[in-house]
Amino acid sequence: MVAGIAVPPRTAPAQRSDDHRARRGLARAGWWLSAPALVVIGAVTVFPIVFSIVLSLSNVNVTGAGFQLGGATGANYSEIVHAAVWRYALEFTVGYTVITVFVEVVLGTLIALVAARLTKGRGLFMALLLLPWSMITVISAELWGYIYQGTYGVADALFQAVGLGHPLFLGTPTPAIISMMVADIWKTTPFVGIIVLAGLVMLPEDVFEAAQIDGASGWTTFWRITFPLLRPTLAIATLFRILQAFGLFDLPFVLTGGGPGTSTTSLALLGYKVMFEDVSFGPGAAIATTTTALVLAGCIVFLRVFRAQVGAAKEA
Amino acid sequence: MGARRQRPLARVGRWATVALVVVLIAAPLYWLLASSLKTPVNIGASPTQYIPNPISLANYQSAFVHYGFGRYVLNSVIVTLGATALVLVLGTLAGYAFGRLPMRGVAVVLVVLLMISVFPEIAVVPPLYLVLRQLNWLNSYQALIVPYTAFNLPFAVWILRNYFLGIPHEMEEAARVDGASTLRTVWSVILPQALPGVFTAGIFTFTACWTEFLMALTFDSSNSYRTIPVGIALFGSPTVIPFGTIFAAAVVAIVPIGILVFVFRKWVVSGLTAGAVKG
């Protein structure tokens, strides 16, 4: 499997040029070794993204035999920008992402803080946290669909038992959005918890001992010491989750079908519906491209802000 | 942190929180298992049956006999193992090169890889669909194996490179002084050291392929190529959702991955942290 490797010199190189040549040979071998991976990645991710931009700027005709690209046009973009469903999907996806990620990071941090103090059973506790993470989203969506079911769902039974009546969990827009958020938070908070916990146990112990000797309360210790030190970990966990949440598809596809109406239709679900239900690939590609652009822009802004914060924290 | 003195009240509060978290995570999982063991009639029973009585395997029978769930399991196994094997072979080669060979411009390649690994899937689904359609690859195993390989490679390359980077150069040199060939050195000295990385990358790729839905739905939706998530999502008709059958299939689909994650939790956590904290 490493047939392409150049043989490095067995003895110490007598001359500098020999050494140089050997290094060049090794570097070339390196590119050959990594070429298969880079070619596959390029062909299946980079090329389609470029192609997607081309599609989004063309009149696409999908026929039984294949597809044709008509002339260049900006119509796909103006079509989606002027469509109320797209604007709603954008608002919904952004709002959904902000709320769920915020709740998940707060709860995940709480879980991590508690788990870090566990002396017994931490391994088992972490294994339990991993279960929702490893679960197929389609399955958790079906499970929550059954829990929220209107006539025999267990959520209805529990709400009645505590005297909250018969809420329509998935039948009206706002409760449907909240119900979906709960299902999402259940599945992904443990993931945040694990990442934060991993960051937490790597923090230096002596600062905490010093704080305790100084008589700092738990609250002060958290805000003055733990939180600032943990900020890089929290930032990465948040970024991961934002990216995942923004691609929201499986959960609404199964749980609500994007409804009632279009109240839980995310950008990815809208793109899917436009492409595969309406068979209109131009606007579909425009939705996909704008979503990608938003994700990238969001990443860059987030990293900028985060870096500025870290810089400020270091100066202070 | 565990060594600090703990006040009794704080300890009670902590255990109460742990208990609450355990219950909140476990309750839906219990509900999935319990519901799969109810009789089809009791799935919709009123009042709700909290403990299945009688315990029935009818849903499992229905999933495999009436809905042909075995076929979906087979498809998932083929696609997942195929993609995982490819990711590990290509990822090890690239990870070794990036981690140990004096290549220029690796930093740029790594940043590009990281950016690719965060792209939302929907970005590549429309163009890939058209390309696969043109190739006549829709509804085939390679229609999923190839994209899954490409999508999981960047993360695997990152993890593997980190492991290769951490292996001391002295070991390699010692083997060389002993007269081992380069091929032999890589095979018997470097690769065993990087094995935890190979393991972690393998578990992550396996989990990602086993759970992937959007591409499986768009590229392989014909009944004979459906993977587990697609099969489960398309069970039943628009008017009837056969929850019992779905949950029986779900238990079958979750158990292998649950065991995998449970047994290898150390590697999973190390992978999550390698990706999240170091990356």
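Every chain's residues receive numbers from 1 upward, in the order its sequence appears when written. The naming scheme follows written order: chains are lettered A onward, ligands numbered 1 onward. Confidence filtering applies because this is a predicted model: local features only for residues at pLDDT of at least 70, side-chain atom pairs given and counted only at 80 or more, and all residues used for totals across whole chains, interfaces and linings. No hydrogens and no water enter the side-chain calculation; it runs on all heavy atoms of the structure.

Some thoughts on the interface of chain B and chain A
Here is step 1 of the chain: Counting residues at the interface gives 99 residues for chain B and 101 residues for chain A.
Here is step 2 of the chain: The term salt bridge refers to a pairing of a side-chain nitrogen on Lys or Arg with a carboxyl oxygen on Asp or Glu at a separation within 4 Å. If you look at where chain B meets chain A, you find zero salt bridges.
Here is step 3 of the chain: Pairing of N or O atoms within 3.5 Å defines a polar contact, subject to two protein rules: one partner must be a possible hydrogen donor and the other a possible acceptor, and residues neighboring in sequence count only if both atoms are side-chain atoms. Counting the contacts that link chain B with chain A gives four residue pairs in polar contact (both at pLDDT 80 or more).
Here is step 4 of the chain: Its residues assigned to classes, the side of chain B that touches chain A comprises 74 nonpolar, 17 polar and eight charged. Contacts are assigned to residue pairs that have any heavy atoms within 4.5 Å of one another. Just so you know the grouping, Ala, Val, Leu, Ile, Met, Phe, Trp, Tyr, Cys and Pro go in nonpolar, Asp, Glu, Lys and Arg go in charged, and all remaining residues, Gly too, go in polar.

Some remarks on the UniProt feature "transmembrane region" (unreviewed entry) in chain A
Residue and element names in this part refer to chain A.
Here is step 1 of the chain: UniProt positions are given in the numbering used here, feature names are shortened, and annotations may be inferred rather than shown by experiment. UniProt annotation of "transmembrane region" (unreviewed entry) refers to residues 31-55, 94-116, 123-145, 157-178, 222-240 and 284-306 when read in the numbering used here.
Here is step 2 of the chain: Strands here mean DSSP runs of E at least two residues long; helices mean DSSP runs of H or I at least four residues long; both are numbered from the N terminus. Within residues 157-178, the helical portion is 50% and the strand portion 0%, while the C-alpha atoms at the span's ends are 18 Å from each other.
Here is step 3 of the chain: Taken end to end, residues 222-240 has its terminal C-alpha atoms 23 Å apart, with 100% of it in helix and 0% in strand.

Section: the UniProt feature "domain: ABC transmembrane type-1" (unreviewed entry) in chain A
Here is step 1 of the chain: Mapped onto this structure's residue numbering, the UniProt feature "domain: ABC transmembrane type-1" (unreviewed entry) falls at residues 90-302 of chain A.
Here is step 2 of the chain: Across residues 90-302 of chain A, helical content stands at 77% and strand content at 0%; the span's end C-alpha atoms are separated by 18 Å.

Brief notes about the domain arrangement of chain A
All names here are of chain A.
Here is step 1 of the chain: Along its sequence, chain A is carved into domain 1 (19-72) and domain 2 (76-315).
Here is step 2 of the chain: An automatic or database domain assignment provides the domain bounds reported here. On a C-alpha basis, the centroid separation for the pair domain 1 and domain 2 is 32 Å.
Here is step 3 of the chain: Listed per partner, the contact involves eight residues of domain 1 and nine residues of domain 2.
Here is step 4 of the chain: Remark: the boundary between domain 1 and domain 2 carries zero salt bridges.
Here is step 5 of the chain: Our count for the domain 1 to domain 2 interface comes out at four residue pairs in polar contact (both at pLDDT 80 or more).
Here is step 6 of the chain: Those elements that place two or more of their residues in the side of domain 1 that touches domain 2 are helix H1 (16-56) and strand S1 (58-62).
Here is step 7 of the chain: Here the side of domain 1 that touches domain 2 takes four residues from H1, the largest share from any one element.

Comments concerning helix H4 (residues 106-117) of chain B
Residues and elements named next belong to chain B.
Here is step 1 of the chain: The terminal C-alpha atoms of H4 lie 16 Å apart, and with twelve residues this matches the ideal 16 Å at 1.5 Å per residue to within 8%.
Here is step 2 of the chain: Note on exposure labels: buried denotes an accessible area under 20% of the residue type's maximum, exposed denotes more than 50%, and partly exposed covers the range between, all computed with a 1.4 Å probe on protein chains only. All of the buried residues in H4 are Val-106, Val-109, Leu-110, Leu-113 and Ile-116. The arc that holds every buried residue of H4, seen down its axis, measures 120°, which confines them to one face. More than 90 degrees from the buried face of H4, the exposed residues found are Ala-107 and Val-108. Every helix has an expected span of 1.5 Å times one less than the residues it contains. To obtain the arc, one takes the directions from the helix axis to the C-beta atoms.

Observations concerning the domain arrangement of chain B
When the parts of a complex come together, some accessible area is lost, and that lost area is often taken as the interface size.
Here is step 1 of the chain: Annotation of chain B at the domain level lists domain 1 (8-57) and domain 2 (68-234).
Here is step 2 of the chain: If you average the C-alpha positions of domain 1 of chain B and of domain 2 of chain B, the two centres end up 36 Å apart.

Section: the nonpolar core
Here is step 1 of the chain: Here the nonpolar core consists of buried residues drawn from Ala, Val, Leu, Ile, Met, Phe, Trp, Tyr and Cys, with membership extended through side-chain atoms lying within 4.5 Å. Counting residues in hydrophobic clusters, the biggest one holds 157 residues, and the most contacted among them are Ile-139 of chain A together with Leu-32, Phe-69, Phe-98 and Ile-232 of chain B.
Here is step 2 of the chain: If you look at the next biggest cluster of nonpolar residues, it comprises 13 residues, including Trp-86, Leu-243, Phe-246 and Val-274 of chain A.

Quick look at the confidence of the model for chain A
Here is step 1 of the chain: For chain A, per-residue confidence averages 84 on the pLDDT scale, and residues scoring 70 or more make up 91% of the total.
Here is step 2 of the chain: For every residue, the predictor assigns a confidence score, pLDDT, that lies between 0 and 100. Taken together, the stretch residues 1-10 of chain A has pLDDT below 50 and engages in 22 contacts with residues farther than four places along the chain or on a different chain.

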